[in-house]
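Residue strings, one per chain:
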Amino acid sequence: MPACAKARPYALCGWECQMDYLYFPGCTLYTKAKNFDQTARDCSLRLGFELKELKEWTCCGATFPLATDNIMALLPPSRILAKAREEGTALTTLCAICFNVIKRTNRLIQQDGEKRDKINNFIEKNYQGDLQVLHYLEILKREIGFPQLKEKVKKPLAGLKTAAYYGCMLLRPFEEMGFDDKEKPTLFEDFLEALGAKATEFPYKIECCGSFQSVGSPDVATECAYRILGSAIKNGAEAMVSTCPMCTFNIDHKQSDIKQKYLDFNPIPVFYFTQLLGISMGLDYQTLGFEQNAVDPLPLLKEKGFL
Amino acid sequence: MKIELTRQKVHNEFAKKVELISGQNLFACYQCGNCTAGCPVAFAMEVGPHEVIRYTLLGLEDEAVGVNTFWLCASCLQCTSRCPKGIDIARVMDALRMVVLRKKERKDHIQIPEFPEGFLEKVPQIALVSGFRKFLS
Amino acid sequence: MGSNGVFVKRAMVIGGGIAGISASIDLGNGGYEVVLVEKLPSIGGRMLQLSETFPTLDCAQCTLTPKTVETGQHPKIKLLMYSEVEQVEGKAGNFVVTVRKKAGYVDWEKCTGCGLCQQKCPSKSPSEFDRGMGLGKAIYTLSPQAVPNKPVINPSHCRYFKEKKCRVCEKICPVGAIDYEQQDRFVKENVGAIVTAVGFDLIPKESFGEYGYGEVQDVIDGLAFERLNSASGPTTGEIRRPSDGKIPKEVVFIQCTGSRDPERYMPYCSRVCCMYTAKHARLYKHKVHDGQAYIFYMDIRSTGKGYEEFIQQGMEEEGILYLRGRVSRIFRDGEKVIVWGVDTLTGKKVEVSADMVVLATAIVSQKNTKELAGKLGIKTDDYGFLTEAERKLRPVETDVEGIYIAGCAQGPKDIADAVAHANAAASKVQGLFAKHKDV
């Protein structure tokens, strides 16, 4: 048994050891962003861990309640946490919004005893806030490590200039999310470099796409998306990478709306990061769900020789 | 344009309610405008978030709830993360929404029958759930 | 009492900036011997880095040099240059201070200050004195008017110390003053009172994530702008931006960078930024007539004599645009630096495509003030500034008899206040000495 396996019970090295994570897909990943979900599961198997979907789950609530007296809105994520804790010790998710809601709720339960008791009373559980909540990218970085990830890459995405779009929910509030530096994050760029792609820096990568306004004021969200795409394209990006179905809706599906308003806008494809991971792992491109991408990425991928 | 201030008007029931729901101290705001400067949707707002906070503190309920500022807030938390006084402005925006939506004679900010054809099918569920949370009572 | 019970009437002044110099001259003129300990190779402190001072816009070197020369030539003042306080023992009337004289690798007894070594030194590295705006040599004096005008070698920049090559300075020196084997030396000074005037630092611009973490080249801090404006600086006084040397036509100045920010940085007001930012903007406009200066401010604090008039003159005569509001973010976009701020007086978000941005960064204590305070047995506050005995009525004394504080080491202040503070500290020392009879 290699020395690393003694230090950590699980190691990514081809041994039988596997690290399993409880997995919360979220409503949108089950349907409109099925490609995101499926590619994540396939890639994780290639990387030596398994995403074990929770036996029962509900919508997370999609927005962490900012009104301090709104406890009802905390119930769905609390249920998810309590149920997950019954099944294991670490929960992962892909959608940035679900990640934000669940992680912030977890923090609140850890810190606010009064609310914790009220919630536990209502949902008839006894959850104490001791579940670890991780984002899939954090698993890739901390548990697997980007250098090891690089070694597993079969088709490096050489020459693909991608702009990593973080959005807002992944990074803020920094004290609770702790995902990466909120002004100059680099995790996503390190991930892309490990896959062999060229990560394009652009100043709008931490600006909100306006997702929560998609229903209230969709024009405002479209304008935000246009600025983000414009900034990325200006800095040389050929493609965007996202980790949130909401961001993807705005910066991918809405490109047709943007084109109607800004006639000289040139669409670029938007990938979920697991789709790029899948290509680099050598998965069959037809299983990566590109038909759900609004702007067709196949021409770009063919041009770069990845297919 | 003139407002008359009295001790009953300043920090009145409306302002206190906003403070209670948001958990923030409005007196801490020294109107630096950093929130407005960094807000990604401020370009579409009638007044910036710092102004709405000012209206609220001065007890000007009609002015505060009459603008579109907090309806456009995308809760991206950029303002909160940069406020030098540590005020969670996103929570204040949500509190203003709640104050309006929880009234007896409420008018929901979005009307579902008014959505265009096919909109509900196209939009991801997250948008609907969060939108209904924020804009419906 | 001294070793034979005598109260020693000698003073030590730690720090050779304007406060330290003022205190030393006062004490020297009062007839007492002074030992002035300075960690840099020459005296003058921050004022050496400035180009012009407010509100008179006098040349800083012209006002400072007479004082440094007077100090250097004063019969009662002994300079311990390039030295730091190592240990302090004893009490008022009999302090025994161990001072470490750092190795400068130049024998100052022999050196004549001819400057040949500096001319010929081949090593160039970003100069700390120029705030990274220019390159300096490994063997250096801080300025052409340095007092004493003798150089030291910085071993981390020197080719001989790093690679065992070169030795040009040794070869060129006409009096053979270069000594690579020099070691730190320790001297003990017996003094009756100590004045601590160790000055201030600026919070590094690398602290500000929303302003680029110091990686945007054309975002500089106030002292760097002073160096750009100085005739002895890296651009000989022309306002040129660091990235490409072009003359900036749109310059944004941002006050309160890191000050009045209890959540993220320093909660206090740094007191001098309103004035020096106005000064910078005015000096910029004097040199670049078709440029536009924008100042983002929260309040204008112009409390001294002639200060408010100075600010108003800047607005009325120079056309400086004051925008009341903070700046949320700065980033590079091609050749320009984009500034996202707000003008709260009209309520509008403001975006400026600037050529250069000058940050008025917060004044903080020097890194080792706390450690020095520990050696002296005096207190510092949460921010490292030396604590006075009583906030209002005893501003230059400490809890320890015989130890006094002066200048920005106690808190941010401008030059006039620092000099007044230092004069007060010297007066207190003389008062202490007067209480004890001469033997």
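Scoring rules and cut-offs
- Residues numbered from 1 in each chain as written.
- Chains lettered and ligands numbered in written order.
- Predicted model: local features only at pLDDT ≥ 70, side-chain atom pairs only at ≥ 80, totals over all residues.
- Heavy atoms only, no water.
- Contact = heavy atoms within 4.5 Å.
- Buried area = accessible area lost by both parts, 1.4 Å probe.
- Salt bridge = Lys/Arg side-chain N within 4 Å of Asp/Glu carboxyl O.
- Polar contact = N/O pair within 3.5 Å; in protein donor to acceptor, adjacent residues only side chain to side chain.
- Nonpolar A, V, L, I, M, F, W, Y, C, P; charged D, E, K, R; others polar.
- Phe/Tyr/Trp six-rings, centres within 6.5 Å; stacked < 30°, edge-to-face > 60°.
- Helix = DSSP H or I, 4+ residues; strand = E, 2+ residues; numbered from the N terminus.
- Buried < 20%, exposed > 50% of the residue type's maximum accessible area, 1.4 Å probe, protein only.
- Core = buried A, V, L, I, M, F, W, Y, C linked by side-chain atoms within 4.5 Å.
- Axes fitted to C-alpha atoms, helices over the stretch in contact; angles between N-to-C directions.
- Parallel < 35°, antiparallel > 145°, perpendicular 65-115°, else oblique.

*Asks:* Go over the interface of chain C and chain A, please, and point to the residues and values.
*Replies:* Chain C puts 9 residues into the contact, and the matching count from chain A is 8 residues. Interface of chain C and chain A: buried area, both sides summed, is about 800 Å²; carbon and sulfur atoms make up 49% of it. Put simply, chain C and chain A have 3 salt bridges between them. Measuring nitrogen to oxygen at the nearest pair gives 3.5 Å for the salt bridge that ties Glu215(C) to Lys184(A). Applying the counting criterion to the chain C and chain A interface returns 4 residue pairs in polar contact (both at pLDDT 80 or more). Split by residue class, the side of chain C that touches chain A holds 3 nonpolar, 1 polar and 5 charged.

*Asks:* Go over the packing of aromatic side chains, please, and point to the residues and values.
*Replies:* Any two aromatic rings considered together are summarised by their centre-to-centre distance and by the angle between their planes. According to the stated counting rule, one finds 35 aromatic pairs over all chains in the structure shown. Their ring planes at 5° and their centres at 3.6 Å tell us that Tyr226(A) and Tyr262(A) sit as a pair that is stacked. Of this pair, Tyr226(A) sits in helix H11 (residues 218-234) while Tyr262(A) sits in the loop between helix H13 (255-261) and strand S8 (270-272), and the two are 36 residues apart along the sequence. Take Tyr226(A): its relative accessible area is 22%, and that puts it in the partly exposed class. A ring pair is formed by Trp71(B) and Phe135(B), whose centres lie 6.3 Å apart and whose planes are at 55°; its orientation type is tilted. Here the residue Trp71(B) occupies a position in helix H5 (residues 69-72), and Phe135(B) occupies one in helix H9 (residues 125-135), the gap between them amounting to 64 residues. Here the aromatic residues Tyr21(A), Phe36(A), Phe49(A), Tyr136(A), Phe146(A), Tyr166(A), Phe188(A), Phe191(A), Tyr272(A) and Phe273(A) are joined through ring pairs into a cluster of three or more.

*Asks:* Give a detailed account of the interface of chain A and chain B, specifying residues and quantitative values.
*Replies:* With 42 residues of chain A in contact, the opposing surface of chain B contributes 41 residues. Overall, the association of chain A and chain B removes approximately 3600 Å² of surface from exposure, summing both partners, and the carbon and sulfur fraction of that is 62%. In terms of surface lost to chain B, no three residues of chain A exceed Leu66(A), Phe212(A) and Val215(A), which account for 20% of the buried area on that side. Counting the contacts that link chain A with chain B gives 2 salt bridges. For Arg102(B), the salt bridge is made with Asp69(A), and the minimal N-O distance between the two is 2.9 Å.

*Asks:* Could you give me a rundown of the nonpolar core, with the residues and numbers involved?
*Replies:* Where a protein is soluble and globular, its nonpolar side chains tend to be buried together. The biggest cluster of nonpolar side chains holds 153 residues, and the ones touching the most others in it are Tyr136(A), Leu140(A), Phe191(A), Met240(A), Phe273(A) and Leu277(A). With 10 residues, the single largest contributor to this core is helix H7 (residues 89-101) of chain B. Formed by 96 residues, the second largest nonpolar core is a distinct cluster that contains Ala23(C), Val252(C), Ala281(C) and Tyr294(C).

*Asks:* Talk me through the environment of Pro65(A); I want residue IDs and the actual numbers.
*Replies:* With respect to the secondary-structure elements, Pro65(A) resides in the loop between strand S2 (49-53) and helix H4 (75-87). Accessibility expressed as a relative area gives 10% for Pro65(A), which makes it buried. Remark: the alpha-carbon pair of Pro65(A) and Pro269(A), spanning 204 residues in sequence, is separated by 33 Å. What Pro65(A) contacts, discounting residues up to four positions off in sequence, is Asn70(A), Ala73(A), Leu74(A) and Arg91(B).

*Asks:* How would you sum up unusual backbone geometry? Please name residues and give values.
*Replies:* With an omega dihedral of -5°, the bond running from Arg172(A) to Pro173(A) counts as a cis peptide bond. In this structure, Pro173(A) sits in the loop between strand S5 (161-164) and helix H9 (174-177). A cis amide bond, omega -10°, links Val147(C) with the succeeding residue Pro148(C). Along the polypeptide, Pro148(C) turns up in the loop between strand S10 (139-140) and strand S11 (152-153).

*Asks:* Can you tell me about the pattern of salt bridges, naming the residues and giving the values?
*Replies:* As enumerated under the stated definition, the model contains 58 salt bridges over all chains in all. Two residues, Asp37(A) and Lys34(A), come together in a salt bridge whose shortest N-O distance is 3.0 Å. Here the residue Asp37(A) and the residue Lys34(A) both occupy positions in helix H3 (residues 34-47), the gap between them amounting to 3 residues, near one helical turn. With relative accessibility at 29%, the residue Lys34(A) sits in the partly exposed group. Put simply, Arg97(B) and Asp94(B) hold a salt bridge, and the shortest N to O gap is 2.9 Å. Here Asp94(B) and Arg97(B) lie together in helix H7, a separation of 3 residues that amounts to about one turn. Each member of the pair, Arg97(B) together with Asp94(B), is buried. Here the salt bridges do not stand alone but share partners, grouping Asp218(C), Arg241(C), Asp244(C), Lys246(C), Arg332(C) and Glu335(C) into one network.

*Asks:* How would you summarise the packing of H4(A) against helix H5 (residues 96-111) of chain A if you had to cite specific residues and measurements?
*Replies:* Residues and elements named next belong to chain A. The geometry of H4 relative to H5 is characterised by a closest axis approach of 9 Å and an angle of 80° between their N-to-C directions. Of the possible angle classes, the one that applies to H4 and H5 is roughly perpendicular. On H5, the residues that touch Pro-77, Ser-78, Ile-80 and Leu-81 of H4 are Val-101, Ile-102, Thr-105, Asn-106 and Ile-109. The residue inventory of the contact of H4 with H5, partitioned by class, reads 6 nonpolar, 3 polar and no charged.

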